[in-house]
Amino acid sequence: MRSIILSLFLIPTTASIPLVVHAQTYFYIGSIAVVPAEPTTSDAITIALTGDLSSSGASIVSTSYMLMDNILHITVNATDAGGLGVLVPHTEEVAIGNLPEGSYGILVDGDFILDSAPENEHSFNVIGGQDCGTLTVQSIQWATFNDTSIVVNVTNTTSGFDYPGFILLNEDGDTIAIESVNLFAIAGESWHTLTVQPDVVVPTGPFNAELQLWTDFYGEQACTWDLEEVLCPEEVCVTIFPYLINTGGAIALGDFDWTITDANGSEAASGTFTLTKKLPNVQEEVCLPVGEYQYSVTPLQEPTGGQLTMGVGGLEWSADVSQPFPQVIPTGPLTFSLVPACFDGTNALDEGLRQPLPFLVSTGTTGIELISIDDKQLGAVTLLDALGRIVYTQKVNGDRVQVPIATMGAYVVQVDQHRVKLFAGSR
């Protein structure tokens, strides 16, 4: 009888052996980490499960995950092929990718694993990140006053992209130019100056480009654009801003004539600056073809106070050439090169009409006069403005024509197949 009772006592223990086998743990999870620790919607998220394998023969068979509402359900299956009975440190990384903004919980289960990570490690938040869709690349062009920089103009409808840096690559993946980080973030419109890399061959015509935006001092790539670009300006002229400013010392008052002349000594633009107590700094906006220029300022009265500086700025924030303008003995003209990287391009200034032309061109405040040099008919004459719009067209049967112009600006005059870029018009 005692043997029967003993047998009954032993049966539950024997029957529990399979349960013990299924409860065996081959991977003990001690901590759960979300990488990055504070993810945004633009981050690729990884969940790191760190702990110990039960022996030198234990391993992870499979790992998978499923997102159910806001619960990240991770399934990990372990096995043990036999080995030394020692704990082996192990981290199992589960690549999740990008998640929408919100709060998430983590549930870990599977075969032969034990999740003992702290409760607070089973949840995380995803915040709204930096959306590349808010960024628009307005232009990528050579710098206004040098041939060693390329300027990227972008607009951002929000604020973000901390410590940004742009890289421009060609279609082969070679770096053409790279930006030195100097902004805290991108908000509204911004201009980014990229330095052309040594010995790089920069395309002279249209080319397939890749523009990359990096953040955190090139610690993380945020955006990529595949673009077709032309670095030289496609417009007839380039916008610049001649200016005269008072940098201090006293009040500067009076009128100052200013003139910009081209490489041929012809007047390209001119006007008068008036400095007052309310307007100590003045500038004008002009549009000129690519080329070499000289900028002069002449005072129309006896020297006044202040410390004057004359200069020319461009659309990009960093574009500026300047020099002091002492009124007692004014300095000579300020020489500057307008988009020197494109001097050999189609938009370069026609210096001295370098290409032989079958007609002469003279400009005035009221228009342009064209005269055939061989007394032949001029034929089709077309005038285009700075935006490429036709403002005048006529078939001229004679050897000369007067083309009226009402507004000062940059134009292209075309006679048959010959084109000349010039600056003319009334002020």
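Preceding this paragraph is the structure being described.
Let me begin by describing the structure that accompanies this report. Note that the structure is predicted; figures quoted are calculated from it, not measured.

**Concerning the nonpolar core**
Grouped together as the largest cluster of nonpolar side chains are 54 residues, with contacts concentrated most on L244, I260, Y295 and F336. When near neighbours in sequence (up to four residues on either side) are disregarded, L244 contacts F256, F273, L275, P280, N281, V282, Y295, V297, L308, T309, M310 and F325. Within the second largest apolar cluster, 25 residues are counted, among which are Y26, I60, V76 and Y104.

**A few points about the pairing of strand β8 (residues 123-126)**
Only one face of β8 is buried, namely the one carrying F124 and V126, since none of S123 and N125 on the opposite face is buried. As paired elements, strand β6 (residues 102-109) and β8 share four bridges and run antiparallel to each other. By the bridge assignment for β8, Y104 is matched with F124.

**Comments concerning the packing of aromatic side chains**
Taken as a whole and assessed by the stated rule, the structure comprises eleven aromatic pairs. For the ring pair F145 and F336, a centre distance of 5.9 Å and an interplane angle of 90 degrees mean the geometry is edge-to-face. One end of the pair, F145, is in the loop between β9 (135-142) and β10 (149-160); the other, F336, is in strand β24 (residues 334-338), and 191 residues separate them in sequence. Residue class for F145 comes out buried when judged on its relative accessible area of 14%. For the pair W214 and Y218, a centre-to-centre distance of 6.4 Å together with 40 degrees between the ring planes defines the contact as tilted. Put simply, the rings of F145, Y293 and F336 pair up and form one aromatic cluster.

**Some remarks on the state of the cysteines**
All told, the structure shown has three disulfides when counted by the stated rule. Between the sulfur atoms of C132 and its disulfide mate C223 the distance is 1.9 Å. The S-S bond linking C132 to C223 shows a torsion near -90 degrees; that makes this disulfide left-handed. Note that C132 is positioned in the loop between β8 and β9 and C223 in strand β15 (residues 220-229), a separation of 91 residues in sequence. On the basis of relative accessible area, C132 is assigned to the partly exposed category, the value being 23%. Across a sulfur-sulfur distance of 2.0 Å, C232 and C342 are joined as a disulfide pair. The disulfide joining C232 to C342 has a torsion of about -100 degrees about its S-S bond and is therefore left-handed. Of this pair, C232 sits in the loop between β15 and β16 (238-246) while C342 sits in the loop between β24 and β25 (359-363); the two residues are 110 residues apart in sequence, bridging distant segments of the chain. Summarising the burial analysis for this pair, C232 and C342 share the class buried.

**Concerning the sheet that holds β8**
The strand order across the open sheet built from four strands is β3-β4-β6-β8, with neighbouring strands paired in mixed fashion. Either end of the sheet is taken by a strand with one partner, and the two such strands are β3 (58-68) and β8. Strand-to-strand twist in this sheet, taken as the mean axis angle between neighbours without regard to direction, amounts to 25 degrees.

Rules of the game
- Residues numbered from 1 in each chain as written.
- Predicted model: local features only at pLDDT ≥ 70, side-chain atom pairs only at ≥ 80, totals over all residues.
- Heavy atoms only, no water.
- Core = buried A, V, L, I, M, F, W, Y, C linked by side-chain atoms within 4.5 Å.
- Buried < 20%, exposed > 50% of the residue type's maximum accessible area, 1.4 Å probe, protein only.
- Contact = heavy atoms within 4.5 Å.
- Helix = DSSP H or I, 4+ residues; strand = E, 2+ residues; numbered from the N terminus.
- Pairing = 2+ DSSP bridges.
- Phe/Tyr/Trp six-rings, centres within 6.5 Å; stacked < 30°, edge-to-face > 60°.
- Disulfide = S-S within 2.5 Å.
- Axes fitted to C-alpha atoms, helices over the stretch in contact; angles between N-to-C directions.

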